[in-house]
Amino acid sequence: MVLVAGAGPAVVVMAEMPGISPQVARFARWVRDAGFSVYMPSLFGRDGAVPSAEEGAAVFRRACVSAEFRAMAANETSPVTGWLRSLARLAHGECGGPGVGAIGMCFTGNFALSMMLEPAMLAPVLSQPSLPLDDPAGLEIAPDEIEMIRKRLEQEDLIVMAYRFDGDRFCPAQRFAAYRQAFGDRFIGRVLPDSAANTDLSPFFERHVATPHSVVTAHLIDEAGQPTIAARDEILTFFKLRLASRPPSA
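Residues numbered from 1 in each chain as written. Predicted model: local features only at pLDDT ≥ 70, side-chain atom pairs only at ≥ 80, totals over all residues. Heavy atoms only, no water.

K.L.:
Talk me through the overall build of the protein; I want residue IDs and the actual numbers.
P.N.:
A tally of regular secondary structure across the protein gives eight helices and seven strands. Computed over C-alpha atoms, the radius of gyration of the protein comes to 16 Å, within 12% of the 18 Å expected from 2.2 N^0.38 for 250 residues, which places it in the range of a compact globule. The principal-axis extents of the C-alpha atoms in the protein amount to approximately 45 × 35 × 35 Å. Within the protein, contacts between residues at least 6 apart in sequence are counted, and of these 75% link residues at least 24 apart. For the protein, the accessible area works out to roughly 9900 Å², and carbon and sulfur atoms hold 53% of it. For the protein, the separation between the mean place of its 23 positive charges and that of its 28 negative charges on side chains is 2 Å. (Helix = DSSP H or I, 4+ residues; strand = E, 2+ residues; numbered from the N terminus. Rg over C-alpha atoms; globule rule 2.2 N^0.38 Å. Contact = heavy atoms within 4.5 Å. Areas by Shrake-Rupley, 256 points an atom, 1.4 Å probe, with all protein chains shown as cover. Lys, Arg positive; Asp, Glu negative; His and termini not counted. Charge placed at Lys NZ, Arg CZ, Asp CG, Glu CD.)

K.L.:
Which residues make up the environment of P193, and what are the values?
P.N.:
By the secondary structure assignment, P193 is in the loop between β7 (187-192) and α7 (203-209). For the pair P193 and G19, spaced 174 residues apart in the sequence, the C-alpha separation amounts to 25 Å.

K.L.:
Can you explain the sheet that holds β7? Please cite residues and give values.
P.N.:
Read across the open sheet, the seven strands follow the order β1-β3-β2-β4-β5-β6-β7; overall the sheet is mixed. Both outer strands of the open sheet, β1 (2-6) and β7, are each paired with one neighbouring strand and no more. The average angle at which neighbouring strand axes cross in this sheet is 15°, direction not considered. Each of β1, β2 (10-13), β3 (37-41), β4 (100-105) and β5 (121-127) touches helix α3 (residues 80-95); the most contacted strand, β3, lies at about 155° to it. Helix α8 (residues 227-244) contacts β2, β4, β5, β6 (160-165) and β7 of the sheet and is inclined by roughly 165° relative to β5. (Pairing = 2+ DSSP bridges. Axes fitted to C-alpha atoms, helices over the stretch in contact; angles between N-to-C directions.)

K.L.:
Please provide a residue-by-residue account of unusual backbone geometry, values included.
P.N.:
In this structure, the amide linkage connecting M17 to the following residue, P18, adopts the cis form with an omega of 0°. Structurally, the position occupied by P18 is in the loop between β2 and α1 (22-33). Following L131, the chain continues to P132 via a peptide bond in cis, the omega torsion being 0°. Tracing the backbone shows P132 in the loop between β5 and α5 (143-156). Of note, the phi angle at C106 is positive, near 60°, even though the residue is not glycine.

K.L.:
How would you summarise the packing of aromatic side chains if you had to cite specific residues and measurements?
P.N.:
Scanning the entire structure with this criterion turns up six aromatic pairs. Consider the rings of F36 and F239, whose centres lie 6.1 Å apart with planes at 75°: the pair is edge-to-face. Of the two residues, F36 sits in the loop between α1 and β3 while F239 sits in helix α8, which places them 203 residues apart along the sequence. For the pair formed by F36 and F239, the shared burial category is buried. Judged by centre distance (5.3 Å) and plane angle (85°), the ring pair of F176 and F187 falls under edge-to-face. With a gap of 11 residues between them, F176 in helix α6 (residues 173-183) and F187 in strand β7 connect regions that are remote in the sequence. Each member of the aromatic cluster is reached from another via a ring pair, and the members are F36, F238 and F239. The ring centre of F176 lies 5.7 Å from the NZ or CZ of R164, which sits over that ring. (Phe/Tyr/Trp six-rings, centres within 6.5 Å; stacked < 30°, edge-to-face > 60°. Buried < 20%, exposed > 50% of the residue type's maximum accessible area, 1.4 Å probe, protein only. Lys NZ or Arg CZ within 6 Å of the ring centre and 35° of its normal.)

K.L.:
Go over the nonpolar core, please, and point to the residues and values.
P.N.:
In terms of nonpolar packing, the biggest core is built from 81 residues, with V13, F27, I103, F107, F183 and F239 touching the most fellow members. With seven residues, α8 is the largest single contributor of residues to this core. Among all residues touching I103, those that are not within four sequence positions of it are V12, V13, M14, F27, A112, V125, S127, V216, I235 and F239. (Core = buried A, V, L, I, M, F, W, Y, C linked by side-chain atoms within 4.5 Å.)

Below, the structure written as structure tokens:
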């Protein structure tokens, strides 16, 4: 199922673990209200739920062993990204405009990058990309696809935006370093201080995450002047610049 709302160029919003929480839905509404059509696929979990720590952990375990997600495999691409590229192509056909944006979070963080193999995709955002889980410096994408995407970024003057907290143990500094090595200055990585993270968390995040992690959702502090709000606003501006026209690289 794909939840759709809004009008304007399309942006695919992919939820973090353990699913489309109220905080993920809030972010999707911010994207909608910024002038976009939001396409939000339900990939795991109960939509709209605030699950218990146990339920959230069960969702995580099922996704880890699913054939659609390769949670432990470095240098491989999750099969679900093929479907997501088709979704981007469909959304572009329905909404028009120069192309499509996408943001992945946590478990889905790297999917926005893999979607760059679809020509309609113009604005990828990776929020705390956490796969592969057992290789801090690994990338959840096949080497030949990295090379194809690198060439596309250069040829079409595109960039990849990415966000993480400094102390995030699921998306460590080594991962951003690997992206930077692969894409050079086409990769723009933002690192937020741990002190900028919200500490009023749901049971799943309290028990199983236990580190600043979710930049635009669970760990976002919805107050003016907060670094997480600045990150949200930069993402929305990135979508506006890339999807309203085809400007030079930011």
